[in-house]
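# Per-entry structural report
So the chains spell out like this:
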Amino acid sequence: MAGFSPGKQWNALDLRDGEKKATNYSGKYSTHVFTERVQQVIEQHDLSKPMFLYLAFQAVHSPLQVPKRYMDPYNKTIKHKTRKTFAGMVSCMDEGIGNITQTLHDTGMWNNTVIVFSTDNGGPINVGANNWPLRGEKHSVWEGGVRGVGFVSGPVLSDDVRGTVNKEMIHVSDWFPTLVTGVAGMDLTGTKLDGFNVWDAIARKDTLSPRKEILHDIDPFYGRTIFTNESGIPCTDYNTSMHAAIRYGDWKLITGDPGFDRGCGWKPAPDSGINPPSIPVKPLNDTIWLFNITADPNEYNDLSKKHPEVVEELVSKLKAYQKTAVPVVWPPGDDRANPALGDGAWGPWL
């Protein structure tokens, strides 16, 4: 993996097992490596103790690479090479999750296990992913960039919620209190958190989520564009030219540069034969979008002119959030990060 300091580039191994650099996996596909390591952890676990295991596969992510046998099943159905590789990577990851689940069964752990599978963001369209019919992609605040899919599974879930679709509002910050309090039954009283315990909304049919809003983003340096005041000092106060988005109830407000494509951000899968909608592009000086995201999840209809009172309310929320934000800092490069000065692999250097 390459790393950078101003005017320099370093290449080094970027794989560790605990604190030790892992040098014995050359030529092995990482999805297989991570799957097998997790199976070892499960098999060696003391069943008298609880276990939390977090697995972050490198799939599905660029660079798009996968053993050929995982792409072959798609030869007749997917002609686009990038999409075919992407599909093969998904199949390999799916196989790995199946193998891990089987290991939980084999060790007797499955009957007391909860599995959460989730993405971190929408997919990047130029490297095989597709978010159709949602608008946008990774690095944008359109729904195609911020709306994630996932599932929760395990025998602790009752029959009336298994196989159902849950559209309650859940944010990534909710997983910590949900797993610690909702699943493990531990007390987080007195702990200051951004997240909510949403276990009841997941495990009990027709139960509402306690979360009513999500701050998707506020970034005064989006695209490294620095917003300054009249004295040239970087702004700390929010303004509607800043890249930002917030969801409150049914409403979603976007301001500034949303990322990806201001006008035609709907991209069907290659070779699908689907024609994307054509909607007039807003002028560059018009930096506010408002959507009823429940009724219009594909973000076709901008309602900012029809509901200025909602815009005003959500802008006030963004201003309040920005006042509590820690200032953005871009530190200079540090030559001490050079892996050659350590054990030859990427790791902490301070």
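None of the values given here were measured: they were computed from a predicted structure.

## Considerations on the sheet that holds strand β10 (residues 288-292)
Strand order in the open sheet formed by four strands is β7-β8-β9-β10, with antiparallel pairing between adjacent strands. At either end of the open sheet lies a strand with only one pairing partner, and these are β7 (213-219) and β10. The average angle at which neighbouring strand axes cross in this sheet is 10 degrees, direction not considered. Note that strand β8 (residues 243-248) and strand β9 (residues 251-255) share five bridges and pair antiparallel.

## Regarding the environment of Tyr 248
The topology assignment puts Tyr 248 in strand β8. On a C-alpha basis, the gap between Tyr 248 and Lys 317 in space is 9.4 Å, while along the polypeptide they are 69 residues apart. Tyr 248 has contacts with Lys 212, Glu 213, Glu 313, Leu 314 and Lys 317, leaving out every residue within four places of it along the chain.

## Quick word on the pairing of β8
Within β8, five of the six residues are buried, which leaves the element mostly enclosed by the surrounding structure. Where β7 lies against β8, six bridges are found, and the strand directions are antiparallel. Residue Asp 217 lies in a different strand from β8, and its bridge partner there is Ala 245. Counting the residues that bridge the hairpin from β8 to β9 gives two residues, and of these Gly 249 lies at a positive phi of roughly 60 degrees.

## Considerations on unusual backbone geometry
Here the amide bond leading from Ser 62 into Pro 63 is cis, since omega sits at 0 degrees, within 30 degrees of zero. Along the chain, Pro 63 falls in the loop between α1 (30-43) and α2 (68-71). Look at the link from Trp 132 to Pro 133: it is a cis peptide, with omega at 10 degrees. In this structure, Pro 133 sits in the loop between β5 (115-118) and α4 (143-146). With phi around 65 degrees, Asp 206 is a residue other than glycine that occupies positive phi space.

## So, the layout of surface pockets
Computed from the structure, the second largest pocket encloses a volume of approximately 440 Å³. His 171, Asp 194, Leu 215, Tyr 321 and Thr 324 are the residues nearest the centre of the second largest pocket, which is lined by 16 residues in total. Those elements that provide at least two residues to the lining of the second largest pocket are β7 and α7 (308-323). Among the elements that line the lining of the second largest pocket, the one with the most residues is β7, at five residues.

## Comments concerning the pattern of salt bridges
Tallying each qualifying case throughout the model produces 14 salt bridges. One salt bridge connects Asp 72 with Lys 68, and the closest N-O pair in it is separated by 3.0 Å. For Asp 72, a relative accessible area of 30% puts it in the partly exposed group. Arg 147 is paired through a salt bridge with Glu 143; the nearest N and O atoms lie 2.7 Å apart. Judged by its relative accessible area of 36%, Arg 147 is partly exposed. Ionic contacts of the salt-bridge type, sharing partners, join the residues Glu 143, Arg 147, Lys 252 and Glu 299 into one network.

## Thoughts on the nonpolar core
Ranked by internal contacts, the top residues of the largest apolar core, which has 18 residues, are Ile 42, Val 66 and Leu 104. Those elements giving two or more residues to this core turn out to be α1, α2 and α3 (81-106). Per-element accounting of this core gives the leading share, five residues, to α3. If we skip the residues at most four places from it in the chain, Ile 42 touches Met 51, Leu 53, Ile 100, Thr 103, Leu 104, Thr 107 and Met 109. Membership of the second largest hydrophobic core comes to 14 residues, among which are Tyr 238, Met 242, Leu 303 and Val 315.

## Some points on the packing of aromatic side chains
Geometrically, a pair of aromatic rings is defined through the distance of the ring centres and the angle of the planes. If you walk through the whole model with that rule in mind, you get five aromatic pairs. Aromatic side chains Trp 10 and Trp 346 sit 6.5 Å apart centroid to centroid with 45 degrees between the ring planes, which places their arrangement in the tilted category. Taken together, the positions of Trp 10 in strand β2 (residues 8-11) and Trp 346 in the segment after α7 put the pair 336 residues apart, joining distant regions of the chain. Overall, Trp 346 belongs to the buried group, its relative accessible area being 16%. Ring centres of Trp 142 and Phe 291 lie 6.2 Å apart, and the angle between their planes is 65 degrees; on these two criteria the pair is classed as edge-to-face. Of the two residues, Trp 142 sits in the loop between β5 and α4 while Phe 291 sits in strand β10, which places them 149 residues apart along the sequence. Both residues of the pair, Trp 142 and Phe 291, count as buried. Taken together, Trp 142, Trp 289 and Phe 291 form an aromatic cluster joined through their ring pairs.

Conventions used here
- Residues numbered from 1 in each chain as written.
- Predicted model: local features only at pLDDT ≥ 70, side-chain atom pairs only at ≥ 80, totals over all residues.
- Heavy atoms only, no water.
- Pairing = 2+ DSSP bridges.
- Helix = DSSP H or I, 4+ residues; strand = E, 2+ residues; numbered from the N terminus.
- Axes fitted to C-alpha atoms, helices over the stretch in contact; angles between N-to-C directions.
- Contact = heavy atoms within 4.5 Å.
- Buried < 20%, exposed > 50% of the residue type's maximum accessible area, 1.4 Å probe, protein only.
- 1 Å grid on protein atoms, 1.4 Å probe; cavity = no way out; pocket = protein on both sides within 12 Å on 5 of 7 lines; lining within 4 Å.
- Points joined across faces, edges and corners; volume = space filled by probe spheres on them.
- Salt bridge = Lys/Arg side-chain N within 4 Å of Asp/Glu carboxyl O.
- Core = buried A, V, L, I, M, F, W, Y, C linked by side-chain atoms within 4.5 Å.
- Phe/Tyr/Trp six-rings, centres within 6.5 Å; stacked < 30°, edge-to-face > 60°.

Scope: geometric values only; no functional claims are made or implied.
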